[in-house]
Structure formats: C-alpha cells, structure tokens
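Coordinates in review
In case you want the letters, here they are:
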Amino acid sequence: MKKQIVLLGLLLMGIVAQAQKMPVSYNFGEKYNDRYRYSNLLTIDDDGTGGYILVRAYYQGLILRPKGYLIEHYNADLELVTEYNYKLKGLDFVDGFLKNGQLNLMFLNYNEGRHEYEYWVHSSPIIAFDFKEKKLLSISSEQVDHPVGKNYYNRNFSRGFTTAILFDEDKRGFVISTHHKRGKDNKHMIHMFDTALNKKFEFDFSHEIEEKNYAFENVAFSQDLQTAYIVGKAYFKKKRFQVDERKFQYELIRVNTNGSSSQSFVDPGKYPEALYPVRFKNRLVCIGFYADRKDNRYNGIAYFDLDPTSLNINSQKYNPFSQQFMEDKFGREEDKVVKNLIFKGVQITPNDDIFFNAEEYFVTTGMEVTGAGQRIKTERYHYNDIVSAKLRPNGEMDWVRNINKTEVTRGDGDYASYSSYCKDGNTYFFICTAADNPQLIGNERLIFKQGFSRNRNVFMISLDPNGALDYEKVIDQQEARLPLMVSKPLKDATADHMLFYAKRGGKKQLVKVDFN
C-alpha cells in the first residue's frame, strides 16, 4: 500500500512538473455573443489604461461584402466594456493603430470625380467614439485593379499606379510610397509621417526610377524620425540579363529632407533575400537570407553592418545553414532546398544579440467545381515551417533551427501561422492546431500538422539560448473551445504577457497568456 502511495505521489509530481514545463499561465475572458459571424481582425492594441481596443471589419449579405467596422473595448479583466459600430463601406482599409488615446483607421479611396487616389485617416478618441476624417495625400491617376502593392515574389508595375504603406517595428511612424506612370509621365514619391499624423517630409524619388522600378518591403527610422531607411527590390527595366542573372537586386534607400542615397547588396554568387533593416543607437544592420543561385532557394543567413549616414558596408557575413538546421527540416534526405521564406519578426537583446524568425509561405492555385457545376479558380495559402536564428552583435550565427509545421487556408489566415515572444534569451512560439500531438518522423523530427477538428490545441515551442528545442501543449482544446487568432496577438513586453482574440461563429472571447 505504501509503495502504491509513493508511486502515485511520484506520478502526480511528474504530472505537475510536466504541466509547469513552460513558464506561462493563462486566463480566459468571458465568452460573449457576437452578431457578426463573418469578420476579420484588423488591429489590436492596449488603451493606455490597462484595457484593450480591437477593430474588426465585418461582412454581410448573400454575397459577402464589407459593411463596416466593429470596435470592441475591453478592460484589464478581459471584460467587454463597450462596442461601437462604425458603419462605413466603399473604402479600402490599409492599416490601423492607437496613439495617445486616438484610434486611427487608414483607408485608400479612389475619387472618381477628381480622378485621383486619396489616403484618408479616420480618427476618434476611444473614450467617446466620434470619428473625424483627415486626408493625408492625393495622387492623380486612372483607377487600376489592386493598387496596393504587396506581393512577396513578384511585383506588377504595368498597371499605371501602385502604392505601398510601411510601418516600422514599433509603429512610431510610416512611409507611403506612390508610383504613377502614364505615357511619358513617371513619378515616384515617398511621404513620411509620424503616428501623430504629422508629415515629416515628402521626397520626389522619380530620378531613381529611370532604370529601375522599386518595390519597397520594410522600413526603419532614425531615433528622431527625420530619416527613413527603406529596403526593397530594385527591378531593372532595360538591362540585358545573362542566364545566371536575376532581374532585380536588393537595395537600402536612405531618405530625408536633404535627399536620398542608396546601397545595393550585390556580391558575385550571392543573392540576398527578404532583407530587414534594424536601427541601433549608432549602428544600422540589415539581416535576411541569401541564395547561391538566382532563384529563391536559400542557403543561409545574410548580415550587413552599414554606416547610418554614408550607407557604406562596414562588414558583412554569409552564414550557411547548419547541418542541424537541414536535419531539422529534411532529416537525412539529400538535395533538398529551402525556399519561400518570409520575414516575420526581430528582437534585439540588451547585449545587441539578434533573434529573428521567418516562415515558409507560398500560394497555390487550383480549380474547383461548385454545386451548380461551374469551375472556379481557388487560391490556397500555405503557412509552413518556422525558421528561427540567433546572431551575435558582429553578425556571426550562434544557431539556426527549423520547426516543421504544415497549415493551409483558403481565406482568413488569422488562425494559421504563428506568433513569437522572446524573454531571458529564450524564444517562444505559439501555434494553434487541431492535432493532439506533433507527429514523429523517422524517430528524429517532429512536425505539427493542421488536423481536422473544429476545436484547436495551443502548443508552445521554445528555443533556449543555445538553440535547444522543446515543446508543450499549454492550452487543451477542451478548455479553448474557441480557436485563437494566433497570428495576430498583442505583445506587452513591459508586463510580459500576450493577448489573443478567440472567435468562432457567434461567440468570442479574449485569452491572456502571462510569462512567469
């Protein structure tokens, strides 16, 4: 009997120890009824007093069309305090953010009477919603399909007008790029604003586009918000290419009121991809991937240290993927390639170590037959493996790991993909899957598959300061009856917690995860 009690005690201790493996606790808010079954989460932020503001676009009708924006205000206890229905349609939502108690919703609109595209911001205090409209800028152009340029692998400049809006990591400011071409007129402007909606400068970039078209991807700002560092692809227009050349190169553009300068990243036999600028106090760094060939088959991680003023490259490093990384991803198979990696996030430690992660993302198309016998084209969005790396301040790679997962969706990707958080040298990833456990492949590799259940488990994967991998199911699907929008959390580094929105059908709630 004593042996049985001892064994039971040891078993319970093991269960408790296992349950506490990941340093987190979580809290579910109350479930609320929701009348808008079809919606997309646009933005989530803290209200400055411990509460939270969420904005969703909702859709209604036999053929679902956008009808307005539902704004939800929660208190610190995850209780829904107020809802506000901002009935607005006909505008294309671009982005949204909260600044000094003001909620700002940004739209792009085509004014048919004036024949111009207009950027508008609708702003309201969150204590009493009363939206006021402000036009940021306007650009004369004919109306085109899909004017907002956001394509990871190709960019179409033949439509006549294309625009992009880029925020920095901390949403201190943003740049709006507008490129209009009609006949011999070819104008590319760069507009910079802070998030108080003050215009910092406007710069005519047209002189740079005689030979190249620019597709901007990421931005960083100087501490005083007077200079923008924009990374993008420069597509050559008239140059003749060899078979082993590609038609674009990555460039870093430095822009302020005094003018612009650029630095290209071109090395024989090296092709940078997915570069991201990081501004330190006295340094400027670009990190990303690189390939040994002109296609997007990546071979490792690229690092460039630049002078913030002259943009001269002080040092550069090409860190090839480690054997550990290749075995993570492919096991013992040979002649496999890494491709389609999209940058997701970066975090700098107090020691200037760099943690960054990316995701294997691509789109496939196919045909489906409807109930009426019609064949329609469909697109599937794939959110697959996670890549995470740690670089030392000098750009040398400590480690790089691959976390295998497969997810595919035909519509809202909020429930797919992942989110990450860094604390005390550890990197944590959250994924939401219907699978009960990861699948073991070849006795050496784990893969998280999507599963088919309506309910979702929340897994937490950790990488310690040495790159050692561990995982745990932190929220069971029996508790999380509503799936979490795991790719769109609110991160609060000062309070060490993350906030997730959970929704299905007519039910919704908040889920808060605290790091202990």
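Computed from a predicted model, the values in this text were never measured in an experiment. (Residues numbered from 1 in each chain as written. Predicted model: local features only at pLDDT ≥ 70, side-chain atom pairs only at ≥ 80, totals over all residues. Heavy atoms only, no water.)

**A few points about the packing of aromatic side chains**
Applying the stated criterion across every chain yields a total of 40 aromatic pairs. Among the aromatic residues, those joined into a cluster by ring pairs are Tyr 276, Phe 289, Tyr 298, Phe 321, Phe 325, Phe 343 and Phe 356. We note Lys 171 situated over the ring of Phe 167; from NZ or CZ to the ring centre the distance is 4.7 Å. The side chain of Lys 270 reaches across the aromatic face of Tyr 318, ending 5.5 Å from its centre. (Phe/Tyr/Trp six-rings, centres within 6.5 Å; stacked < 30°, edge-to-face > 60°. Lys NZ or Arg CZ within 6 Å of the ring centre and 35° of its normal.)

**What about the pairing of strand 37 (residues 497-504)?**
Taken across its eight residues, strand 37 has seven buried, putting it largely inside the fold. Where strand 36 (residues 490-492) lies against strand 37, three bridges are found, and the strand directions are antiparallel. Residue pairing across strands places Asp 492 opposite His 497, the latter belonging to strand 37. Counting the residues between successive antiparallel strands, the hairpin from strand 36 to strand 37 contains four residues, one of them, Asp 496, with a positive phi of roughly 55°. Two elements, strand 37 and strand 38 (residues 507-515), share eight bridges in a ladder whose sense is antiparallel. Counterpart to Ala 502 in the pairing with strand 38 is Gln 509. Between the end of strand 37 and the start of strand 38, which pair antiparallel, lie two residues, with Gly 505 showing a positive phi angle near 60°. (Buried < 20%, exposed > 50% of the residue type's maximum accessible area, 1.4 Å probe, protein only. Helix = DSSP H or I, 4+ residues; strand = E, 2+ residues; numbered from the N terminus. Pairing = 2+ DSSP bridges.)

**Some thoughts on the environment of Gly 149**
Checked against the element boundaries, Gly 149 lands in the loop between strand 10 (132-140) and strand 11 (161-167). A sequence separation of 16 residues divides Gly 149 from Ile 165, and the C-alpha atoms of the two residues are 8.9 Å apart.

Taken by themselves, the reported measurements are silent on function.
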